[in-house]
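Analysis of the macromolecular model
Below, each chain spelled out in residue letters.
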Amino acid sequence: MPLQALRTVAKSQNGVGAFILQCKRIDFHYCDWAGSSRGMNAFLKHQLPAFAAQNPSIEISVSPRPGRHPVIKGQYINGREKAICVRNMEATEVTKKAELLKTASGEKLRRDRKPVKSFNESVRGVWSPFHGRQYKI
């Protein structure tokens, strides 16, 4: 009976093939009256149309919140939401915070104990202390 090799099919992973942006919606909340929203108002008037044109896959909504500090909220495809307060920031800083929310994955920030994560098995196999040279005691 001839030997046949097993066919393995690679699992689709983000970044392999087509990239899917994790951020699905960004909400901009501002106040017309408060001075802490000055940078946010400048961003909304001058830089938001260009930001929206560069990111057609993200739903963008703008809503006033009178008497409150300006906030940017990002909603992600995994169901999580991140919010950043942008009070007293300039328009360029608000742009950086919007980019930060756009490129974030939506996952909680956590410390990586192992720097490499993989779904695939090791090429070398599982290590055991019985591999390699035998040591005499």
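Residues numbered from 1 in each chain as written. Predicted model: local features only at pLDDT ≥ 70, side-chain atom pairs only at ≥ 80, totals over all residues. Heavy atoms only, no water.

The chain appears in an unreviewed UniProt entry as Large ribosomal subunit protein mL43 from Friedmanniomyces endolithicus. Comment text from UniProt for the chain, heading Subcellular location (unreviewed entry), reads "Mitochondrion". Entered under Sequence similarities (unreviewed entry) in the UniProt record, the comment concerning the chain runs "Belongs to the mitochondrion-specific ribosomal protein mL43 family." (UniProt positions renumbered as here; feature names shortened; annotations may be inferred.)

Right, let's get into the overall build of the chain. Along the backbone of the chain there are two helices and four strands. Residues counted as buried form 26% of the 137 residues belonging to the chain. (Helix = DSSP H or I, 4+ residues; strand = E, 2+ residues; numbered from the N terminus. Buried < 20%, exposed > 50% of the residue type's maximum accessible area, 1.4 Å probe, protein only.)

Look at helix α1 (residues 38-54) against helix α2 (residues 91-103): their axes get within 9 Å of each other, and the N-to-C directions meet at 45 degrees. By the angle class used here, α1 and α2 are oblique. Crossing geometry of α1 relative to α2 is assigned as right-handed. Across the interface between the two elements, Gly39, Met40, Ala42, Phe43, Gln47, Phe51 and Gln54 from α1 touch Ala91, Thr92, Val94, Thr95, Ala98, Glu99 and Lys102 from α2. Taken together, the residues that form the contact of α1 with α2 break down as seven nonpolar, five polar and two charged. (Axes fitted to C-alpha atoms, helices over the stretch in contact; angles between N-to-C directions. Parallel < 35°, antiparallel > 145°, perpendicular 65-115°, else oblique. Left-handed = near helix turned anticlockwise from the far one by under 90°. Contact = heavy atoms within 4.5 Å. Nonpolar A, V, L, I, M, F, W, Y, C, P; charged D, E, K, R; others polar.)

This paragraph deals with the pattern of salt bridges. Scanning the model with the defined rule gives four salt bridges in all. One salt bridge in this structure joins Lys102 and Glu99, with 3.2 Å as the shortest N-O distance. Here Lys102 and its partner Glu99 are both found in helix α2, three residues apart, which amounts to about one turn of the helix. Taken together, the shared-partner salt bridges connect Arg25, Asp27 and Glu59 into one network. (Salt bridge = Lys/Arg side-chain N within 4 Å of Asp/Glu carboxyl O.)

A word on the packing of aromatic side chains. On inspection of all chains with the given rule, the structure shows two aromatic pairs. Relative to Phe43, the ring of Phe28 lies with its centre 5.4 Å away and its plane at 40 degrees, an arrangement referred to as tilted. On the criterion of sequence distance, the pair formed by Phe28 in strand β1 (residues 23-30) and Phe43 in helix α1 is long-range, its members being 15 residues apart. Per residue, the accessibility class of Phe28 equals that of Phe43, and both read buried. For the pair Phe43 and Phe51, a centre-to-centre distance of 6.4 Å together with 65 degrees between the ring planes defines the contact as edge-to-face. One exposure class covers both Phe43 and Phe51, and it is buried. The structure contains a cluster of three or more aromatic residues connected by ring pairs, namely Phe28, Phe43 and Phe51. (Phe/Tyr/Trp six-rings, centres within 6.5 Å; stacked < 30°, edge-to-face > 60°.)

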